[in-house]
Amino acid sequence: MKTSAELDAFAARLGHAFKQPEFLIRAVTHPSIASETRPDNQRQEFLGDRVLGLVIAEALLDADPSAAEGQLAPRFNALVRKETCAAVARDIDIGVVLRLGRSEMMSGGRRKDALLADAMEAVIAAVHQDAGFAAARDVVLQLWKSRIETVEGDARDPKTSLQEWAQARGLAPPTYEAIGREGPDHAPMFTVEARLSTGEAETARATSKRAAEQASAKALLARVEAA
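A quick note: this is a predicted structure, and the numbers were derived from the prediction, not measured.

Draft legend 1. Representation of the side chain of Thr 29 within the structure. Mapped onto the fold, Thr 29 is located in the loop between helix H2 (22–27) and helix H3 (42–63). The class for Thr 29 is buried, based on a relative accessible area of 1%. In terms of polar contacts, Thr 29 uses its side chain to reach the backbone carbonyl oxygen of Ile 25, at 2.7 Å. Once you skip the residues sitting within four places of it in the chain, Thr 29 turns out to touch Arg 38, Pro 39, Asp 40, Asn 41 and Arg 99.

Draft legend 2. Looking closely at the nonpolar core. Membership of the largest hydrophobic core comes to 48 residues, with the highest contact counts inside it found for Leu 14, Ile 56, Ile 94, Met 120, Val 123 and Trp 144. Mapped by element, the contributors of at least two residues to this core are helix H1 (5–14), H2, H3, helix H4 (69–80), helix H5 (82–91), helix H7 (113–131) and helix H8 (133–149). At 10 residues, H7 tops the list of elements feeding residues into this core. Contact partners of Leu 14, with chain neighbours within four places excluded, come to Ile 92, Met 120, Val 123, Val 127, Val 139 and Leu 143. By size, the runner-up hydrophobic cluster in this structure holds 9 residues, among which are Leu 162, Ala 166, Leu 221 and Val 224.

Draft legend 3. Inspection of unusual backbone geometry at higher detail. Unusually for a residue other than glycine, Asp 93 sits at a positive phi of about 60 degrees. Mapped onto the fold, Asp 93 is located in the loop between H5 and helix H6 (102–106). Assessed through its relative accessible area of 36%, Asp 93 is described here as partly exposed.

Draft legend 4. Main features of the pairing of strand E2 (residues 189–195). Of all 7 residues in E2, 5 are buried, a share of seventy percent or more. Sheet topology note: the strand E1 (residues 175–182)/E2 ladder contains 7 bridges and is antiparallel. When the bridges of E2 are listed, Gly 180 appears paired with Thr 191. The sheet contact formed by E2 and strand E3 (residues 201–206) spans 6 bridges and is antiparallel. Of the residues in E3, the one forming a bridge with Glu 193 is Thr 203. Hairpin remark: E2 followed by E3, antiparallel, with 5 residues in the connecting loop; positive phi at Gly 199, about 110 degrees.

Draft legend 5. Fine view of the packing of H5 against H7. Between H5 and H7, the shortest axis-to-axis distance is 7 Å and the interhelical angle comes to 80 degrees. When the axis of H5 is compared with that of H7, the two are roughly perpendicular. Between H5 and H7, the contacting residues are Lys 82, Glu 83, Cys 85, Ala 86, Val 88, Ala 89 and Arg 90 on the first element and Asp 113, Leu 116, Ala 117, Asp 118, Met 120 and Glu 121 on the second. Grouping the constituent residues of the contact of H5 with H7 by class yields 7 nonpolar, no polar and 6 charged.

Draft legend 6. Spotlight on the sheet that holds E3. The strand order E1-E2-E3 describes an open sheet built from 3 strands, whose pairing is antiparallel. Because the sheet does not close on itself, it has two edges, and the strands there are E1 and E3. Neighbour-to-neighbour, the strand axes of this sheet turn through a mean angle of 20 degrees, independent of strand direction. Of the strands in this sheet, E1, E2 and E3 are in contact with helix H11 (residues 209–226), which crosses E3 at around 145 degrees.

Rules used in this analysis
- Residues numbered from 1 in each chain as written.
- Predicted model: local features only at pLDDT ≥ 70, side-chain atom pairs only at ≥ 80, totals over all residues.
- Heavy atoms only, no water.
- Helix = DSSP H or I, 4+ residues; strand = E, 2+ residues; numbered from the N terminus.
- Buried < 20%, exposed > 50% of the residue type's maximum accessible area, 1.4 Å probe, protein only.
- Polar contact = N/O pair within 3.5 Å; in protein donor to acceptor, adjacent residues only side chain to side chain.
- Contact = heavy atoms within 4.5 Å.
- Core = buried A, V, L, I, M, F, W, Y, C linked by side-chain atoms within 4.5 Å.
- Pairing = 2+ DSSP bridges.
- Axes fitted to C-alpha atoms, helices over the stretch in contact; angles between N-to-C directions.
- Parallel < 35°, antiparallel > 145°, perpendicular 65-115°, else oblique.
- Nonpolar A, V, L, I, M, F, W, Y, C, P; charged D, E, K, R; others polar.

Distances and angles like these do not, on their own, reveal function.
This is the structure:
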């Protein structure tokens, strides 16, 4: 089975030459365009999630042999969460090669975190199916390298940390309010305000409410810790 020039270029960015390109073709096929003769990537997504988890777990153990489970768990979660998978997918421009139905294309599917993250996991599975676990591990470690090296900072969940900061001082939990929404339905931008019961507040903008909450919490935590 032949692949397009775009898929060949994507495989080069991925760092894996497929002997069985049908695995890659399936990995970039969204359910919105699937048919009996064109299977989608959902089963690969399921497999890729597990392969990614094992690779990242091993990498964290190797990176810090003395770390306790309580230290490893938040690092692991930071590296395998959907937002991280979507960010890695953007690094190698998966969106360009995604095969989507018309409705998904019209609604900005190539930019959606959920679609990108699912496709990233499916592509990891495709490498595993094509060449085995060692090849998939090499791809993951290369793509996640910088994130594994800096995960300690990323693993600190801002909303949890801000709540712990407030509770340690006898304050009520922080509140989050969506105060703005801009842009079209397929590419919205949310503004969220994080506020402490003492009145300190910070706002942040992001493409999802959850991301905006995290960003506003991070900004507010930095502010109160510096005070």
